[in-house]
Amino acid sequence: MGDKISREVRKKGYLLFREGKVKKELETDKRVHFKVFGETDTYSVIFDKERNEFSCDCRFSTLKQKICSHVIASEILLKEKLKR
Ligand SMILES: [Zn+2]
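Calculation criteria
- Residues numbered from 1 in each chain as written.
- Predicted model: local features only at pLDDT ≥ 70, side-chain atom pairs only at ≥ 80, totals over all residues.
- Heavy atoms only, no water.
- Phe/Tyr/Trp six-rings, centres within 6.5 Å; stacked < 30°, edge-to-face > 60°.
- Helix = DSSP H or I, 4+ residues; strand = E, 2+ residues; numbered from the N terminus.
- Buried < 20%, exposed > 50% of the residue type's maximum accessible area, 1.4 Å probe, protein only.

Following the criterion strictly, the structure yields two aromatic pairs and no others. Ring geometry for Phe34 versus Phe54: centroids 6.4 Å apart, planes at 35°, classification tilted. One end of the pair, Phe34, is in strand β2 (residues 31–37); the other, Phe54, is in strand β4 (residues 53–56), with 20 residues separating them in the sequence. For the residue pair Phe34 and Phe54, the accessibility class agrees, reading buried in each case. Residues Phe47 and Phe54 carry aromatic rings whose centres are separated by 4.6 Å and whose planes lie at 40° to one another, so their mutual orientation is tilted. By the burial criterion, Phe47 is buried, and Phe54 matches it. Three or more aromatic residues joined by ring pairs form one cluster here, namely Phe34, Phe47 and Phe54.

Right, here's the structure in full:
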C-alpha cells in the first residue's frame with residue numbers, strides 16, 4: 001500500500017469538507033492549523049508549509065502512519081482558499 005490513499009478515505013475527507021466539518025483555526029509563517037469535527041471527536045490537523053506536509057492527531061493517522069480523511073478535508077479547504 002505504501003502511502004497510497006484509499007478511495008474510501010478520500011471520499012470521507014471530501015464529505016467532511018462539504019458538510020463544513022473542517023475549519024481553519026490559525027495561520028502562522030510556518031504552519032496552518034485546522035480543526036476537524038469528526039463523528040465522535042475533534043481532531044487537530046497541521047500543515048507544515050516548509051515541509052509541505054500535513055499531520056493529524058487521530059488514531060488512524062498516528063498508529064497507521066497514513067493519510068486520513070481529516071487531512072484530505074483540510075487539504076481541500078487549503079486549496080479552495082488558494083483559488084479565491
Ligand atoms: Zn486524522
